Amino acid sequence: MRNASSTERKPHPRKSIFTLQRVRRIHQDLPDGFNADIQSRLAEVRKLLSSIAGDVQGINRWRYMRNMSCVEELIEALTFAHYLRHQNLMSYAEATEAVHHLSLPENGEDGAAMDLEHPIVHLIEDDYLMGVFDLSGEMMRFATTTAALNGRMAGSSLQYDGQADEGSPQRTIVTDMQDLGSFYEMLPQQSGKSYQVKLQTLRTSVLKVEKLGYGLTVRGSERPAGWMPDTNDSEPGSPV
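A brief structural summary.

Here is what the cut-offs are and how they apply
- Residues numbered from 1 in each chain as written.
- Predicted model: local features only at pLDDT ≥ 70, side-chain atom pairs only at ≥ 80, totals over all residues.
- Heavy atoms only, no water.
- Salt bridge = Lys/Arg side-chain N within 4 Å of Asp/Glu carboxyl O.
- Helix = DSSP H or I, 4+ residues; strand = E, 2+ residues; numbered from the N terminus.
- Buried < 20%, exposed > 50% of the residue type's maximum accessible area, 1.4 Å probe, protein only.
- Expected span 1.5 Å × (residues − 1).
- Phe/Tyr/Trp six-rings, centres within 6.5 Å; stacked < 30°, edge-to-face > 60°.
- Lys NZ or Arg CZ within 6 Å of the ring centre and 35° of its normal.

Regarding the pattern of salt bridges
In this structure the tally under the stated criterion is seven salt bridges. A salt bridge links Asp37 to Arg41; its shortest N-O distance comes to 3.4 Å. Taken as a pair, Asp37 and Arg41 lie in helix H3 (residues 32-52) at a separation of four residues, close to a single helical turn. Overall, Arg41 belongs to the partly exposed group, its relative accessible area being 25%. Between Lys47 and Glu44 there is a salt bridge; the shortest N-O distance is 3.8 Å. Pair noted here: Lys47 and Glu44 are both in helix H3, with a separation of three residues, about one helical turn.

Quick notes on helix H7 (residues 125-150)
The end-to-end C-alpha distance of H7, which contains 26 residues, comes to 36 Å, matching closely the 38 Å that a straight helix rising 1.5 Å per residue would cover. Where H7 ends, the next residue or the one after it, Gly151, has phi of about 75°, a positive value.

Describing the packing of aromatic side chains
Tallied over the entire structure, the rule returns five aromatic pairs. Aromatic side chains Phe133 and Tyr184 sit 4.0 Å apart centroid to centroid with 20° between the ring planes, which places their arrangement in the stacked category. Of this pair, Phe133 sits in helix H7 while Tyr184 sits in helix H9 (residues 173-186), and the two are 51 residues apart along the sequence. For Phe133, a relative accessible area of 3% corresponds to the buried category. A relative accessible area of 0% means that Tyr184 is categorised as buried. Ring plane angle 80° and centroid distance 5.1 Å describe the contact between Phe133 and Tyr195, whose orientation is recorded as edge-to-face. Of this pair, Phe133 sits in helix H7 while Tyr195 sits in helix H10 (residues 193-217), and the two are 62 residues apart along the sequence. Among the residues examined, Tyr195 registers a relative accessible area of 2% and is labelled buried. By way of ring pairs, the aromatic residues Phe133, Phe183, Tyr184 and Tyr195 are connected into one cluster. One residue, Arg22, lies across the ring of Phe34, its end atom 4.8 Å from the ring centre.

By themselves, these figures tell us nothing about what the structure is for.
Here's what the structure looks like:
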């Protein structure tokens, strides 16, 4: 398979994730500097995906699935960016469209026009599911970092700015993580080792964010200023 090394394609989505982890709030528009960096990384991804699109058509998409594990990391980056902008999960249809778009080479000096006749890289369901599994880890890290810096659980930017409707539910990343965990628990379960390992990691991430939210919301007033819960604190519900 020509130019199909997965390791060649991993650094660019990973660098996008590093950039996104520097964001400190959930809001509609990311800072200009962050957007420019992410678009630069995605431009590199486009060059790489478009170079192999012709080799992974039809049955070859499954034949070279192991070589295409980089797509999972791309989904992780795309869904994380989507979450930070919209505070919801990018759907499979939206992710499919994004990957299709990124597999089309630029056709023009300004990079705006795309060669629509070029083959596209198809996003299979397993790549989407595995990528969203990894999203949970990024959300957990984001929740931990922002809670430490802001003293509250990440949520809608309207809540930070005091523009949320009075009496409306204060939706935070805790609820979002719980919803994501429930989504996977309701799916038909797979017995494969990779799936089960990622599922257990997801459960652990959800528990960590729940514990963090509990520490800040329920017991925060009992602690000195600047206190943050850590892994050595008692579990939620413990009398200690």
